Amino acid sequence: MASAQADLRVASNDFVPIRYRTKNELLSTALNTAVSIALLGFICYIKAKPTVVMPGSGKGISFKDVAGMEEAKLEVMEFVDYLKSTARYAELGAKIPKGALLVGPPGTGKTLLAKAVATEANVPFLTMAGSDFVEVFSGVGSARVRDLFNRARKLAPCIVYIDEVDAIGRSRQSNSFGGHSEQESTLNQLLVEMDGMNTMEGVVMLASTNRQDILDQALLRPGRFDRHIAIELPTLIERQAIFEVHLKKLTLKMPLQSYSKRLAELTPGNSGADIANICNEAALHAARFE
């Protein structure tokens, strides 16, 4: 090409610059581009993706919609009051509790109560499931915990809620195979974020589990989960209130109270989820034979 330009008597400073590339150079460029794309994808993959409920973002479940659990509701409402009136507690020298653990059998309304907190609290509410932190790749779980709490600090005062925390909070003594597992690394990061050198005021932690017996003792101590709120199976009066919440959505022949009291007497040991299912099955059965 250079000789052809010389034959045409083109001035040397006007020569068209030419660069020859081998196939290996093209391959290495393609590989570098692919690695960069993969790295960016991995960074996006390890980021926490919590559901964020902002104040006044829309209608949801309120404490009035949560029947029964009166004592648990009072304790949870205290946390909402702490964040709404921090100055009042600070004047008395009181510190806002770091967190509360909702404990109870399956179907008793732990997640439902957390949804009510998200609606009632006039602060941002970030929620993730414990299983969202569990991944095959090493370091992903702890990176997501860091990212979640970094977002929470930017939105403080706020509430962070982890559903089924036993997925990452399992006791480290129960690992009989030895070594340093991904779940243990994630738990260590959670412990540091909740009560470590980097902690900041204004972030309250809520979590729920039905397996408190397998949780790590370091996670349960005061300073991390200061309060353990027990949510037991509903009593007779609470079952009647739960039936009334679900029955008022159905078309009934007789007054609501004539059904709720009798049904509450017939369902000892049933949880709120069981009662909701009974009401729904009754409506489905009525629709089939109408």
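Residues numbered from 1 in each chain as written. Predicted model: local features only at pLDDT ≥ 70, side-chain atom pairs only at ≥ 80, totals over all residues. Heavy atoms only, no water.

An unreviewed UniProt entry lists the protein chain under the name Paraplegin, with Desmophyllum pertusum as the source organism. Reading the Cofactor (unreviewed entry) entry of the UniProt record for the protein chain gives the comment "Zn(2+)". (UniProt positions renumbered as here; feature names shortened; annotations may be inferred.)

With that settled, consider the layout of surface pockets. Put simply, the largest pocket is a space of about 620 Å³. Lining the largest pocket are 32 residues; nearest its centre among them are V66, A67, M69, T108 and I242. Looking at the lining of the largest pocket, the elements with two or more residues in it are α3 (70–84), β6 (227–230), α10 (236–247) and α12 (272–288). For the lining of the largest pocket, the class distribution of residues is 15 nonpolar, 8 polar and 9 charged. Volume-wise, the second largest pocket comes out at about 270 Å³. Residue lining of the second largest pocket: L247, L250, T251, L252, K253, Y259, L263, I278, C279, A282, A283 and A286, and that is the complete set. In terms of residues, the lining of the second largest pocket owes the most to one element, α12, which gives 5 residues. (1 Å grid on protein atoms, 1.4 Å probe; cavity = no way out; pocket = protein on both sides within 12 Å on 5 of 7 lines; lining within 4 Å. Points joined across faces, edges and corners; volume = space filled by probe spheres on them. Helix = DSSP H or I, 4+ residues; strand = E, 2+ residues; numbered from the N terminus. Nonpolar A, V, L, I, M, F, W, Y, C, P; charged D, E, K, R; others polar.)

In this section: unusual backbone geometry. A cis amide bond links A156 to the next residue, P157, at an omega of 0°. Counting through the fold element by element, P157 comes out in the loop between α6 (140–155) and β4 (158–163). Its identity as a non-glycine residue notwithstanding, M69 has a phi of 50°, on the positive side. The residue M69 is located in the loop between β1 (51–53) and α3 in this model. Given a relative accessible area of 12%, M69 falls into the buried group. Notably, E164 is not glycine yet its phi reads approximately 55°, a positive angle. You can see E164 is positioned in the loop between β4 and α7 (166–169). (Buried < 20%, exposed > 50% of the residue type's maximum accessible area, 1.4 Å probe, protein only.)

Right, let's get into the pairing of strand β5 (residues 203–209). Counting buried residues along β5, 7 of its 7 residues qualify, which places the element largely inside the surrounding structure. Of the two faces of β5, both are covered, the one formed by V203, M205, A207 and T209 as well as the one formed by V204, L206 and S208. Bridge count for strand β2 (residues 99–103) against β5 is 5 bridges, and the pairing is parallel. Opposite V103, over in β5, you have T209 as the bridge partner. Bridge analysis of β4 against β5 gives 5 bridges, and the strand direction is parallel. (Pairing = 2+ DSSP bridges.)

Here we take up the sheet that holds β4. An order of β1-β3-β4-β5-β2-β6 is seen for the 6 strands of this open sheet, with the pairing classed as mixed. Looking at which strands have only one partner, the edges of the open sheet turn out to be β1 and β6. With strand direction ignored, the average angle separating the axes of adjacent strands in the sheet is 20°. Running at roughly 140° to β6, α3 makes contact with β2, β4, β5 and β6 of the sheet. Contacting β1, β2, β3 (125–129), β4 and β5, helix α5 (residues 110–120) runs over the sheet at an angle of about 160° to β4. (Axes fitted to C-alpha atoms, helices over the stretch in contact; angles between N-to-C directions. Contact = heavy atoms within 4.5 Å.)

Attention now goes to the packing of aromatic side chains. Centre distance and the angle of the planes are the two values used to describe a pair of aromatic rings. Within the structure shown, the criterion is met by 2 aromatic pairs. Their ring planes at 80° and their centres at 4.8 Å tell us that Y82 and Y89 sit as a pair that is edge-to-face. Y89 carries the same exposure label as Y82, and that label is buried. (Phe/Tyr/Trp six-rings, centres within 6.5 Å; stacked < 30°, edge-to-face > 60°.)

What follows covers the packing of α6 against helix α8 (residues 182–194). It is at 7 Å that the axes of α6 and α8 come closest, and there the two elements cross at 20°. Here α6 lies roughly parallel to α8, going by the angle between them. α6 and α8 meet at a crossing whose hand is right-handed. From α6, V140, G141, S142, V145, R146, F149 and R153 reach across to α8, where they touch E182, S185, T186, Q189, L190, E193 and M194. Residue classes in the contact of α6 with α8 are distributed as 5 nonpolar, 5 polar and 4 charged. (Parallel < 35°, antiparallel > 145°, perpendicular 65-115°, else oblique. Left-handed = near helix turned anticlockwise from the far one by under 90°.)

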